[in-house]
Amino acid sequence: MVFSGLCADGSLVVGVVGCPGVGVTVMATEIAENWAHGANEWALEVREGVVDVFGGVTWKPGSSDEPAAAIVFVLGTIPREEEILAVQRLRETLPEEENVLLVQGRADVIAAHHCDDTDVSPSSARQRTHSPLPARTMEVIPVSAKLAQASRKLNTSDLDALRSLARQEAADTSEHTNRAVRWYSADLFRRNTDVLSSAQSERLLDLLDLPGMRHAIEALRKSPTMTLKKMGELMHHHSGIAPMHRWLQHALWALSTQRASNSSSRHNAKINVAWAPERAPEGPTTRTDLLATAAQVRATAVAAATATEARAAHAHYRHLLAAAEELAS
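Draft legend 1. Up close: the nonpolar core. Residues Met-27, Ile-31, Phe-73, Val-103 and Met-244 are the most contacted members of the largest nonpolar core, which totals 40 residues. Of the residues forming this core, the biggest block, 6 residues, is contributed by strand β4 (residues 70-75). Dropping the residues within four chain positions of it, Met-27 is found in contact with Val-16, Val-72, Val-74, Val-103, Val-143, Ala-145, Ile-241 and Met-244.

If you want it as structure tokens, here you go:
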């Protein structure tokens, strides 16, 4: 099976895989939404895969049968034998073993269960999220897709509700009040929170869960005038999601560049990558036009301020040269 990683419509294919109940759908949604909000020039199809008890992966139907060439594997809180088998098989079938990234889902909750203070960030769970997989050199990134999504979805009403909780927490001088037990479970939170309506409580539980709310309340107690933008940035920071998105971005750049460079029919292959000549301004595409554009892109790569920008421009440059070569042949 050839893992080109591209659908017929040009979409890049990413798989999100895990056992039932580890948060595969939440992670897949986060990847798709983050990609849609970014300045990306091509479409991304995120496909979910469920690991069975034998270590096999059953893929949910997508827009095509093209297999994913980059996979985010979501680990459960307790390593399972089927996870180990599934990771081994995926790494064997993909063209590059490093195209599988292991992430520890719901790292915020794991950290909260192991910490005595209010710091329940994914970073505090890092030492607890390494699974005893055979490939111990594979890094495991602790993330919370829920907090990452909350960073985009929180609104002013949510911030006001969090401020009400922060004020109440500040007024409670004793740790033995009934309200103190609300942080033990979602049900206790519902029963012991009287400053919010039932609808407000449910929304905050859905958006942030208890660890996320405690992050927000701690921040608001230190800075009562915190803006919605700052709160969103705080949630994004505590989600730990940035390293995963950087890995994915790099993997997809490499995928599109490799496909453009190695295809047996280069020009036809390039129809489905981000910088295809067919997506250029109106008018005929000539070899001279492509080479002129390539020269401009090369200058952009040389002047790039970051490694990510340089890789993107270099991939674009290689694509244009290969397309020009195809037109000349």
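Draft legend 2. Expanded view of the pairing of strand β1 (residues 12-18). Counting buried residues in β1 gives 7 out of 7 residues, a clear majority hidden from the surface. Neither face of β1 is left uncovered, since the one carrying Leu-12, Val-14, Val-16 and Gly-18 and the one carrying Val-13, Gly-15 and Val-17 both have all their residues buried. Judged from the 7 bridges that link them, β1 and strand β2 (residues 44-51) form a sheet pairing that is parallel. Across the sheet, the residue bridging to Val-16 is Glu-48, located in β2. As paired strands, β1 and β4 are joined by 5 bridges and run parallel to one another. Looking across to β4, one finds that Gly-18 is bridged to Val-74.

Draft legend 3. Main features of helix α5 (residues 156-171). For α5, which comprises 16 residues, the first-to-last C-alpha distance of 23 Å matches the rise-based estimate of 22 Å (1.5 Å per residue) to within 8%. Turning to α5, its buried residues are Asp-158, Leu-159, Ala-161, Leu-162, Ser-164, Leu-165, Ala-166, Gln-168 and Glu-169. Looking at the buried side of α5, the elements it contacts are α4 (145-153), α6 (186-191), α7 (198-207), α8 (209-222) and α9 (228-239). With a side-chain oxygen positioned 3.1 Å from the backbone nitrogen of Ser-157, the residue opening α5 is Asn-155.

How each quantity is defined
Residues numbered from 1 in each chain as written. Predicted model: local features only at pLDDT ≥ 70, side-chain atom pairs only at ≥ 80, totals over all residues. Heavy atoms only, no water. Core = buried A, V, L, I, M, F, W, Y, C linked by side-chain atoms within 4.5 Å. Buried < 20%, exposed > 50% of the residue type's maximum accessible area, 1.4 Å probe, protein only. Helix = DSSP H or I, 4+ residues; strand = E, 2+ residues; numbered from the N terminus. Contact = heavy atoms within 4.5 Å. Pairing = 2+ DSSP bridges. Expected span 1.5 Å × (residues − 1). Polar contact = N/O pair within 3.5 Å; in protein donor to acceptor, adjacent residues only side chain to side chain.

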